[in-house]
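Results of the structural survey
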2 protein chains.
Amino acid sequence: VSDLKKRLISAIVFGPIVVLCFYFLPLFPFFIFIYLVAFFAVCEGLKISEPKMKYLILLSSLLSLLLLYFKRFEIFTLWLLFFSFLSVTLHMLVGRDDSLESPMETLRTVVTNLVTNVFIVLPLYYLYALKELDDIYPLVLLLTVWGSDVSAYLIGKRFGKRKLAPKISPGKTVEGLLGALLGSAVVLTCFHRIVQFGLEFSIALGFIIGFLGQVGDIFESAVKRCFGIKDSSKIIPGHGGILDRTDSFLFTAPFLHAFLSYTR
Amino acid sequence: VSDLKKRLISAIVFGPIVVLCFYFLPLFPFFIFIYLVAFFAVCEGLKISEPKMKYLILLSSLLSLLLLYFKRFEIFTLWLLFFSFLSVTLHMLVGRDDSLESPMETLRTVVTNLVTNVFIVLPLYYLYALKELDDIYPLVLLLTVWGSDVSAYLIGKRFGKRKLAPKISPGKTVEGLLGALLGSAVVLTCFHRIVQFGLEFSIALGFIIGFLGQVGDIFESAVKRCFGIKDSSKIIPGHGGILDRTDSFLFTAPFLHAFLSYTR
């Protein structure tokens, strides 16, 4: 089965399930859904970085998501700091006779925790926070991001010539990026009545979201390339892991949330 | 001149200046003082990590400190996230023909920014926030931490046998750690009337602060050891750099602030 066929079959099977979750789940069940996604995404992230204290980081991320749910941003940032206190202390106590108590291992635990909290937990929280603003927003963002991805893929395949970031993401082209902007602008314009955006406003916002989505993609590629990995996992056939699917929300969800909270 | 002599002379010269700043500066001038300390500390941190986009990270850290000053913790965390968007975009635009656009360089910029923001800017902010709670608190913490350091040094030198974290900080001993706890408890007890703590309360808090200070020290040693550096710079003769002097506040200032805000 070709990669494209796999992608299509996965999209047909998983797409509707995700759409249903995004659209029909009320606020609290949607948070539970996001919580599960965060759980699997962090697990994938930990497989990439391979720190010794995996469970501690997983627990820390799940605690952070709860702190964000209760809007305790100050405690969230304090927890980023105090996690390193905890991890240095544990490395010191546990690792007296083996390799655990090494500067590199200690730093790896601390940095991995920072990265999973800021780049996985925080964006997923904002996907939930969008639902707090309006029931329809997460779905609108999801479809916009999908439109952007599909359009980037098709236009990139057909017209792609100039490499965008050859060392980080060799498959990406400038033409594909333009396709991404176009795709998300088109989808967001289709929705402009439902979400009560103006027409020009929808187009502009679509361009921004398309760009943010592509940069998020490139960022995750850079992380994976540093660790010599192509797909974060094989959970979704043809689509890599959950982390590969959530990277589209990395910058788009927090941006859209901030934008909508400040303008309405 | 021996290292101990250098340390003593520096302490006699710089000690009083720092004490005066901590005690006599009113709220806003104290913030300016903290801002300058943060500036130099971040510069030293950047010398250790050597990312390509130094000025961007320095600007980002100084912006973060302002966000914290205005208690915008949500925007502070969003900025941690969006800095990576900015840096990926810049690496992509600027680095089309040279080594800048590499996954490793991109990640180094992003991670260095996370680390300077969470482990330098955030603790220094809480040193300022202590002054907001009460004029005398930063000085009390400073003297407690100094008492702890001196006592750890003297008791460690005299009785030190069992290594605490041999691979990270070979000079540190369990006996020195106990000295640190004792030293900070003694100093805090001396102040218990001025700061209106109970006696038992001061001793307990002193133990905690002594422990937090030592772990902060070990954490900074781990970071520097990963980069093969002993002192963060030579600004203060015998005492290493500003970063070496601020690591005592890494966990103690946020902890004391959280503790005092929640108990009073």
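Computed from a prediction, not measured in an experiment: that's the story for all the values here.

How each quantity is defined
Residues numbered from 1 in each chain as written. Chains lettered and ligands numbered in written order. Predicted model: local features only at pLDDT ≥ 70, side-chain atom pairs only at ≥ 80, totals over all residues. Heavy atoms only, no water. Helix = DSSP H or I, 4+ residues; strand = E, 2+ residues; numbered from the N terminus. Rg over C-alpha atoms; globule rule 2.2 N^0.38 Å. Contact = heavy atoms within 4.5 Å. Buried area = accessible area lost by both parts, 1.4 Å probe. Salt bridge = Lys/Arg side-chain N within 4 Å of Asp/Glu carboxyl O. Polar contact = N/O pair within 3.5 Å; in protein donor to acceptor, adjacent residues only side chain to side chain. Expected span 1.5 Å × (residues − 1). Bend = angle between axes of the 7 residues up to and from the residue. Buried < 20%, exposed > 50% of the residue type's maximum accessible area, 1.4 Å probe, protein only. Core = buried A, V, L, I, M, F, W, Y, C linked by side-chain atoms within 4.5 Å. Axes fitted to C-alpha atoms, helices over the stretch in contact; angles between N-to-C directions. Parallel < 35°, antiparallel > 145°, perpendicular 65-115°, else oblique. Left-handed = near helix turned anticlockwise from the far one by under 90°. Nonpolar A, V, L, I, M, F, W, Y, C, P; charged D, E, K, R; others polar. Least-squares fit on C-alpha atoms with pLDDT ≥ 70 in both. Disulfide = S-S within 2.5 Å. Pairing = 2+ DSSP bridges. pLDDT = per-residue confidence, 0-100. Patch = residues over 30% accessible without salt bridge, like charges linked within 9 Å, V, L, I, M, F, W, Y side chains within 5 Å. Areas by Shrake-Rupley, 256 points an atom, 1.4 Å probe, with all protein chains shown as cover. Phe/Tyr/Trp six-rings, centres within 6.5 Å; stacked < 30°, edge-to-face > 60°.

Comments concerning the overall build of chain A
In terms of regular secondary structure, chain A is built from 10 helices and two strands. Order of helices (α) and strands (β) in chain A, N terminus to C terminus: α-α-α-α-α-α-β-β-α-α-α-α. By the compact-globule yardstick of 18 Å for 264 residues, chain A fits well, its C-alpha radius of gyration being 19 Å. The principal-axis extents of the C-alpha atoms in chain A amount to approximately 60 × 40 × 30 Å.

Some thoughts on the interface of chain B and chain A
With 55 residues of chain B in contact, the opposing surface of chain A contributes 55 residues. Around 4,800 Å² of area is buried between chain B and chain A when both sides are counted, 78% of it from carbon and sulfur atoms. Where chain B touches chain A, the interface holds zero salt bridges. Run the count over chain B and chain A and you get two residue pairs in polar contact (both at pLDDT 80 or more). Of all elements in the fold, only helix H4 (73-94), helix H5 (103-133), strand E1 (163-165), helix H8 (199-226) and helix H10 (249-263) of chain B reach the threshold of two or more residues within the side of chain B that touches chain A. In terms of residues, the side of chain B that touches chain A owes the most to one element, H4 of chain B, which gives 14 residues.

Points about helix H1 (residues 3-24) of chain A
One turn of an α-helix holds 3.6 residues; hence residues three or four places apart share an orientation. Here H1 of chain A is 22 residues long and its end C-alpha atoms lie 31 Å apart, about the 32 Å a rise of 1.5 Å per residue gives. In H1 of chain A, a bend of some 35 degrees at Phe 14 of chain A exceeds every other bend along the element, and Pro 16 of chain A, a proline, comes one to four places later.

Some thoughts on the pattern of salt bridges
Summed over the entire model, instances satisfying the criterion amount to 16 salt bridges over all chains. Two residues, Glu 175 of chain B and Arg 162 of chain B, come together in a salt bridge whose shortest N-O distance is 3.1 Å. Of this pair, Glu 175 of chain B sits in helix H7 (residues 174-190) while Arg 162 of chain B sits in the loop between helix H6 (137-159) and E1, and the two are 13 residues apart along the sequence. Judged by relative accessible area, Glu 175 of chain B falls into the buried class, the value being 11%. The network of salt bridges with shared partners includes Glu 220, Lys 224 and Asp 244 of chain A.

Notes on the nonpolar core
When a protein is soluble and globular, its nonpolar side chains tend to lie buried together. Within the largest apolar cluster, 160 residues are counted, with the highest numbers of intra-cluster contacts made by Leu 127, Leu 141 and Phe 251 of chain A together with Leu 127 and Leu 141 of chain B. The contact partners of Leu 127 of chain B, leaving out residues within four places of it in the chain, are Phe 22, Phe 30, Ile 34, Pro 138, Leu 141, Phe 249 and Ala 253 of chain B.

Here's the deal with helix H3 (residues 54-69) of chain B
All names here are of chain B. For H3, built from 16 residues, the straight-helix expectation of 22 Å at 1.5 Å per residue is met to within 8% by its first-to-last C-alpha distance of 23 Å. Along H3, the residues classified as buried are Ile 57, Leu 58, Ser 60, Ser 61, Leu 62, Ser 64, Leu 65, Leu 67, Leu 68 and Tyr 69. Buried residues in H3 make contact with helix H2 (27-49), H4 and H5. After H3 finishes, the residue Lys 71 shows a positive phi value of roughly 60 degrees.

Examining the packing of helix H6 (residues 137-159) of chain A against helix H8 (residues 199-226) of chain A
Residues and elements named next belong to chain A. At a minimum axis separation of 10 Å, H6 and H8 run at an interaxial angle of 70 degrees. Between H6 and H8, the interaxial angle falls into the category roughly perpendicular. Relative to H8, the crossing made by H6 is right-handed. Contacts between H6 and H8 involve Leu 141, Thr 144, Ser 148, Asp 149 and Ala 152 from the first element and Ile 209, Gly 210 and Gln 214 from the second. Looking at side-chain class alone, the contact of H6 with H8 contains three nonpolar, four polar and one charged residues.

A closer look at the environment of Ile 57 of chain A
Residues and elements named next belong to chain A. The residue Ile 57 is located in helix H3 (residues 54-69) in this model. Note: C-alpha distance between Ile 57 and Tyr 69 (12 residues apart in sequence) is 18 Å. Apart from the residues within four sequence positions on either side, Ile 57 is in contact with Leu 46, Pro 51, Phe 83, Thr 109, Thr 112, Asn 113 and Thr 116.

Describing the relation of the copies chain B and chain A
Between the two copies, chain B and chain A, the superposition gives an RMSD of 0.0 Å; the rotation angle is 180 degrees and the shift along the axis is 0.0 Å. Both chain copies can therefore be described as sitting about a two-fold axis. By C-alpha distance to the rotation axis, the residue of chain B lying nearest is Phe 73 of chain B, at 2.8 Å.

Notes on the state of the cysteines
Residue and element names in this part refer to chain A. This structure, assessed with the given rule, holds zero disulfides over all chains. Looking at Cys 21, it has no disulfide partner, and the nearest cysteine sulfur is the one in Cys 43, 19 Å off. A relative accessible area of 19% means that Cys 21 is categorised as buried. Judged by its relative accessible area of 24%, Cys 43 is partly exposed.

Considering the pairing of strand E2 (residues 169-173) of chain B
Across two bridges, the pairing between E1 of chain B and E2 of chain B is antiparallel. By the bridge assignment for E2 of chain B, Ala 165 of chain B is matched with Ser 169 of chain B.

Re the confidence of the model for chain A
In this model, chain A carries a mean pLDDT of 88, and residues with pLDDT of at least 70 account for 92%. The complex prediction reports pTM at 0.91, with the ipTM value standing at 0.90.

So, the environment of Ile 203 of chain B
All names here are of chain B. Here Ile 203 lies in helix H8. Sequence separation between Ile 203 and Tyr 125 is 78 residues, and the spatial gap between their C-alpha atoms is 26 Å. Setting aside residues no more than four positions away along its own chain, Ile 203 makes contact with Ala 185 and Thr 189.

Here's the deal with unusual backbone geometry
Residues and elements named next belong to chain A. In this structure, Gln 196 takes a positive phi of about 60 degrees despite not being glycine. Residue position: Gln 196 is located in the loop between helix H7 (174-190) and H8. On the basis of relative accessibility, which here comes to 63%, the residue Gln 196 falls in the exposed class.

Considerations on a nonpolar patch on the surface
Residues and elements named next belong to chain B. Together, Leu 4, Leu 8, Val 150, Tyr 153 and Leu 154 make up a nonpolar patch on the protein surface, roughly 450 Å² of accessible area in all. Considering each element in turn, the nonpolar patch owes the most residues, three residues, to H6. Its location among the elements puts Leu 8 in helix H1 (residues 3-24).

Some words on the packing of aromatic side chains
Tallied over the full model, the rule gives 52 aromatic pairs over all chains. With 5.4 Å between their ring centres and 65 degrees between their planes, Phe 85 of chain A and Phe 251 of chain B make a pair best called edge-to-face. Of this pair, Phe 85 of chain A sits in helix H4 (residues 73-94) while Phe 251 of chain B sits in helix H10, which puts the two residues in different chains. Each member of the pair, Phe 85 of chain A together with Phe 251 of chain B, is buried. Ring pairs connect the aromatic residues Phe 28, Phe 31, Tyr 35, Tyr 69, Phe 70, Phe 73, Tyr 125, Tyr 126 and Tyr 128 of chain A, which therefore count as one cluster.

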